[in-house]
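# Analysis of the macromolecular model
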Amino acid sequence: MSNDNPINNLKIEFTGSGSEYFRIWITNMFLILVTLGLYWPWAKARRLRYFWGNTVVNGDPLGFHGDPKQMFKGWVLVAVLIGLYNFASNFSETAGAVAFLVLAALWPALWRSSMNFRMNNTSWRGLRFRFAGSLGDAYKAHLPLVLLLPLPFMLGYWGPQEMENPGAMEMALPFIGIVLLSIALMPWLIWCMKVYQHRNYAIGSLQSDFRASLASFYLVAIKPFFLAAFVLISVGLFIANSFAEAKAGMPSQLLMFLPVALILAWLLFLLGIGPWLTTRMQNLVWTKTGSLVQIESGSLKIRFVSQLSFRSMFLLSLKNGFLMVITLGFYWPFAKIATARLRLEAVHIRSNTELDTLLAMLNKGPEETAGDAAGDFFGLDVGL
Amino acid sequence: MENSLPSSPTRLPVRYFDGQSSRPYEVDAWFEGGQLHLHSADIDRLVLVKRVQWPERTTHGPRLALLPDGGSLQTADSFAWDSWVQSARADSIVVRLQQSWRGVFLSVILLMALATMAYLWGLPWAAREIAQRIPDSIESQAGDVVLRQVQGFTQPSKLPEQEQLAIELAWRKVLTAHTLAQQAKGVAVRPTRLLIRDSSIGPNALALPGGVIILTDDMVRLVRNDAQVVSGVLAHELGHVQKRHGMQMLVQISVLGLVASAVWGDYSGVLAAVPLWVGHAHYSRTAEREADAYSADVLHDAGVAPAVMVTLFERLQLFKQCGRSVLEPQAVRSGSNCKKDKEEPDGDDNGMWDLGFSSHPSDESRIAFFRGSPNVQAK
């Protein structure tokens, strides 16, 4: 691909253990229940500290320094927003729509804020990361969503309930149309968001760049798209057909098979398409993330390389799914650790320079120190 | 672990990062007089022990302590670190819990016990209390939204005028008797409004938030205009209104959904919906039983034997077997005309299904309730 001479590979290892994380998970779940949820931010900080601390890059662990009290503020903010939205939408359609629009308008800012928080509170070898993304760009990254937003409202106005006696096709078409359009716009949306995230990770004088093209995202999406479209159209027609028959007064035999069809479709997504997309996306997104800096001795290149295999991801999701069901969900912490190990250890960092040169690039510049306080104030952790 | 005397505290070799450069310093660290000492050829620092953000003890993973100025201490030798730190500060209770299998076992037991109690009693109690405190104006606003939706899929009643009138009169009589009986006990009956509507949803009655009760034409046809049975059905719906089941269910389901998605949501939203589904059915069956009991009380107040309700369930069984033919005026008097395709297992009457997922108690148990209702025996 390029004529770098990779002389330095930094290995990523994950040392977390399922049984230990199970103990942390269950104890914290208990505390969350006893405190009626108020303990959530403390539990989350502990979880992140465990995952970060067990992610070892070239022999040194990542540090997570998030202050649970700060995370508590974000937790309260999100709880209030979602509570208000639920409240409003239960009592009036207009209030619900307004609340939804307010939430949607705030969302990109909250999203950026939580990335700020994550990066500012992550360290490696004693050095904090930064998130350099601007507020304006956070909104631009959500542009594809603006196109999708009015669709449900449009369906409300021109939808099938206006018609006297909607047939199967009339019932299903707007629904299928919206689903297909959402799926068609999805790679663009994810690409915009990844561009924003992966161009703005920074530490010292390094800032990441992201070179994956929009086309490459669509290439990843094309196979699952056709499969999903096929499944969704079949199921959609199936539902519409059953409805039409039931309306005419015929006890529909098809309705008996509907749950089976839905469960099969769901399994296909959970165990097949899901892991496939995770694998392809991780490999694409991380392998295209890197940095190129001009230094005295030439150009310094550094990038991630992700070589996750679908086979191992698929087998793991089968195993996790099976054990999740037979343990009624108690396997979850083990599944999480196993997935983190597989995904993290598939990645390494490749650079064309000596480690010492690279490490020197990470050192804090004098201009950075001023930014720290601002980061602390605006950085709210909102991701639930 | 060596035996340390107060005069010579244990020194631990650790890596110190100053937070400005990626270069580590190999330093010796020890505790003395509530302070953490760091010492090497280039470094000599004192930090108050309580101002350090100490890592929690885990079996796996290195140790990383954060100093107040952004510097940090790291070591991969967690075992040595833990015994060294123990001389200055004790583990928190949470760490002790999660690091002992006995503590974890205790957590699991307590968690399951608490979750079960919260599910069976705590949440229904809290939801009932909250529902009681939601102002009527808000509830009726929510009711208006639902009413508009209901009016979308129903049409004005097609029953003859005098049949509608007869039902309304009979219901008013029962309601008045019940209201008076309640007044004597100092309890106010919430105002309700009856709407008779024609709909393809079949024989049914619904209580909307805010006190609107919808009765479908098919329900009246099903019980062949028996005003007593219709009053029993309406009294059941009045029970939902009086106990504010709609709002209570809303609170219960919101909380349950929040908990389920917090615990399993990031694995699979569908899996997280399973507890929600089961919980909804469970709470709904409880509400139905309460409404049945309320209905029996109302009928008793009006001097009607609650056992008249048995007719309803028998007719409903017939409807399930024979379909809409039961609703026609000149229709079958018993089930004999309609072939019983009942032999094949029917999803709704499956015992296991009822146990977990059905939103109503089984017809058999409801018939048994109305037959054996204590009010009947009191007569």
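Please read these numbers as outputs of a predicted model, since none were measured by experiment. (Residues numbered from 1 in each chain as written. Chains lettered and ligands numbered in written order. Predicted model: local features only at pLDDT ≥ 70, side-chain atom pairs only at ≥ 80, totals over all residues. Heavy atoms only, no water.)

With that settled, the discussion passes to the overall build of chain B. Of the regular secondary structure elements, chain B holds 13 helices and 10 strands. For chain B, with 379 residues in total, the buried portion stands at 44%. Per element, the accessible surface of chain B, about 19,900 Å² overall, is 58% carbon and sulfur. (Helix = DSSP H or I, 4+ residues; strand = E, 2+ residues; numbered from the N terminus. Buried < 20%, exposed > 50% of the residue type's maximum accessible area, 1.4 Å probe, protein only. Areas by Shrake-Rupley, 256 points an atom, 1.4 Å probe, with all protein chains shown as cover.)

Here the focus is the overall build of chain A. Helix and strand content of chain A: 14 helices and 12 strands. Residue burial in chain A is summarised as follows: out of 384 residues, 45% are buried. Contacts in chain A between residues far apart in sequence, at least 24 positions, make up 76% of those at least 6 positions apart. (Contact = heavy atoms within 4.5 Å.)

The tally for this structure, following the rule as stated, stands at 23 salt bridges over all chains. We note a salt bridge from B:Glu56 to A:Arg46, for which the minimum N-O separation is 2.6 Å. With B:Glu56 in the loop between strand 4 (44–48) and strand 5 (63–66) and A:Arg46 in helix 2 (residues 40–53), this residue pair bridges two chains. Since its relative accessible area comes to 7%, A:Arg46 is described here as buried. Between A:Arg211 and A:Asp209 there is a salt bridge, and its shortest N-O distance comes to 3.7 Å. Salt bridges here are not isolated pairs; linked through shared partners, they connect B:Asp136, B:Glu139, B:Arg190 and B:Arg244. (Salt bridge = Lys/Arg side-chain N within 4 Å of Asp/Glu carboxyl O.)

All names here are of chain B. Tracing the sequence through the fold places serine 199 in strand 8 (residues 193–199). Within polar-contact distance, the side chain of serine 199 engages the backbone nitrogen of isoleucine 201 at 3.0 Å. Look past the residues within four positions of serine 199 in its chain and what remains in contact with it is Phe153, Thr154, Gln155, Thr216 and Asp218. (Polar contact = N/O pair within 3.5 Å; in protein donor to acceptor, adjacent residues only side chain to side chain.)

Turning to the pairing of strand 1 (residues 8–14) of chain A, a few remarks are in order. Residue and element names in this part refer to chain A. Residues Asn8, Leu10, Ile12 and Phe14 of strand 1 are buried on one face, while the alternating residues Asn9, Lys11 and Glu13, pointing to the opposite face, are not. For strand 1 and strand 12 (residues 347–351), the ladder comprises four bridges, and the chain directions are antiparallel. Each residue of the ladder has a partner; that of lysine 11, found in strand 12, is histidine 348. (Pairing = 2+ DSSP bridges.)

All names here are of chain B. Pairing is mixed across the open sheet formed by four strands, whose spatial order is 7-8-10-9. Each edge of the open sheet carries a strand with a single partner, namely strand 7 (154–156) and strand 9 (205–207). Going from strand to strand, the sheet's axes swing by 40° on average, the running direction of each strand aside. As paired strands, strand 7 and strand 8 are joined by three bridges and run antiparallel to one another. (Axes fitted to C-alpha atoms, helices over the stretch in contact; angles between N-to-C directions.)

Residues A:Trp25, A:Trp124, A:Leu206 and A:Phe217 are the most contacted members of the largest nonpolar core, which totals 67 residues. Sorting elements by how many residues they give to this core places helix 1 (residues 18–34) of chain A first, with seven residues. Once you skip the residues sitting within four places of it in the chain, A:Phe217 turns out to touch A:Pro187, A:Ile190, A:Trp191, A:Lys194, A:Phe210, A:Ala212, A:Met281, A:Leu284 and A:Val285. Grouped together as the second largest cluster of nonpolar side chains are 40 residues, B:Ile167, B:Val223, B:Phe319 and B:Val326 included. (Core = buried A, V, L, I, M, F, W, Y, C linked by side-chain atoms within 4.5 Å.)

For any pair of aromatic rings, the description rests on two quantities: the centre-to-centre distance and the angle between the ring planes. The tally for this structure, following the rule as stated, stands at 28 aromatic pairs over all chains. Aromatic pair B:Phe369 and B:Phe370: ring centres 5.1 Å apart, planes at 75°, arrangement edge-to-face. According to the relative accessible area criterion, B:Phe369 is partly exposed, its value standing at 28%. Given the relative accessible area of 0%, B:Phe370 is considered buried. An aromatic cluster is present here, built from A:Phe22, A:Trp25, A:Phe330, A:Tyr331 and A:Phe334 joined pairwise through their rings. In this structure, A:Arg125 is placed above the aromatic ring of A:Trp124, and the distance from its NZ or CZ to the ring centre is 5.9 Å. Positioned above the aromatic ring of B:Trp30, the side-chain terminus of B:Arg11 is 3.7 Å from the ring centre. (Phe/Tyr/Trp six-rings, centres within 6.5 Å; stacked < 30°, edge-to-face > 60°. Lys NZ or Arg CZ within 6 Å of the ring centre and 35° of its normal.)

All right, on to the interface of chain A and chain B then. Listed by partner, the interface residues are 52 residues for chain A and 48 residues for chain B. At the surface where chain A touches chain B, the tally comes to three salt bridges. In this structure, A:Asp60 engages B:Arg15 in a salt bridge whose closest nitrogen and oxygen atoms are separated by 2.6 Å. The dominant element in the side of chain A that touches chain B, judged by the number of residues it contributes, is helix 1 of chain A, at 14 residues. Along the lines of polarity and charge, the residues of the side of chain A that touches chain B split into 26 nonpolar, 16 polar and 10 charged. (Nonpolar A, V, L, I, M, F, W, Y, C, P; charged D, E, K, R; others polar.)

All names here are of chain B. With five bridges connecting them, strand 2 (residues 25–32) and strand 3 (residues 35–39) associate as antiparallel partners. Bridge pairing in strand 3 links glutamate 32 to glutamine 35. In sequence, strand 2 turns back onto strand 3 through a hairpin of two residues, with glycine 33 there showing a positive phi of about 60°. Relative to strand 4, strand 3 runs antiparallel, the two being bridged by five bridges. Residue pairing for strand 4: histidine 39 is matched across the bridge by aspartate 44. If you look at the hairpin formed by strand 3 and strand 4, you'll find four residues sitting between the two strands.

Right, let's talk about unusual backbone geometry for a bit. Notably, A:Leu36 is not glycine yet its phi reads approximately 55°, a positive angle. Relative to the elements of secondary structure, A:Leu36 occurs in the loop between helix 1 and helix 2. Phi angles above zero are rare outside glycine, and B:Asn225 is one such case at about 60°. Turning to its location among the elements, B:Asn225 is positioned in the loop between helix 6 (217–222) and helix 7 (227–242). The class for B:Asn225 is partly exposed, based on a relative accessible area of 35%.

Residues and elements named next belong to chain B. One can find tryptophan 81 in helix 1 (residues 78–85). A residue is classified by how much of its surface remains accessible, and tryptophan 81, at 1% relative accessible area, is buried. With 172 residues separating them along the chain, tryptophan 81 and isoleucine 253 place their C-alpha atoms 47 Å apart. Excluding residues within four positions of it along the chain, tryptophan 81 makes contact with Leu12, Val14, Trp54, Pro55, Arg63, Ala65, Leu73 and Thr75.

Moving on, we get to the packing of helix 1 of chain A against helix 3 (residues 101–133) of chain B. Taken N-terminus to C-terminus, the directions of helix 1 of chain A and helix 3 of chain B make an angle of 40°; their axes are 9 Å apart at the nearest point. Viewed along their axes, helix 1 of chain A and helix 3 of chain B adopt a mutual orientation that is oblique. Here the hand of the crossing between helix 1 of chain A and helix 3 of chain B comes out left-handed. Along the contact surface, helix 1 of chain A presents A:Ser19, A:Phe22, A:Arg23, A:Ile26, A:Thr27, A:Met29, A:Phe30, A:Leu33 and A:Val34, while helix 3 of chain B presents B:Trp101, B:Val104, B:Ser107, B:Val108, B:Leu110, B:Leu111, B:Leu114 and B:Ala115. For the contact of helix 1 of chain A with helix 3 of chain B, the residue count by class is 13 nonpolar, three polar and one charged. (Parallel < 35°, antiparallel > 145°, perpendicular 65-115°, else oblique. Left-handed = near helix turned anticlockwise from the far one by under 90°.)

Glancing now at the environment of B:Tyr267. With respect to the helices, strands and loops of the structure, B:Tyr267 is situated in the loop between helix 8 (245–264) and helix 9 (269–301). Taking the relative accessible area as the measure of exposure, B:Tyr267 reaches 18% and is therefore buried. The residues contacting B:Tyr267, other than those within four sequence positions of it, are A:Leu270, A:Asn320, A:Gly321, A:Met324 and A:Trp332.

With that out of the way, let us pick up the sheet that holds strand 4 of chain B. All names here are of chain B. One open sheet accounts for six strands, arranged 4-3-2-1-6-5; its pairing is antiparallel. Single-partner strands in this sheet number two, and they are strand 4 and strand 5. Direction aside, the axes of adjacent strands within the sheet are offset by 35° on average.

Turning next to the confidence of the model for chain A. All names here are of chain A. Looking at chain A, pLDDT values average 81 and 82% of them are 70 or higher. Within the model, pLDDT remains below 50 along residues 159–165, and this stretch shows nine contacts once partners closer than five positions in the same chain are excluded. Note on residues 369–378: pLDDT under 50 across the span, and six contacts to partners over four residues away in sequence or across chains. (pLDDT = per-residue confidence, 0-100.)

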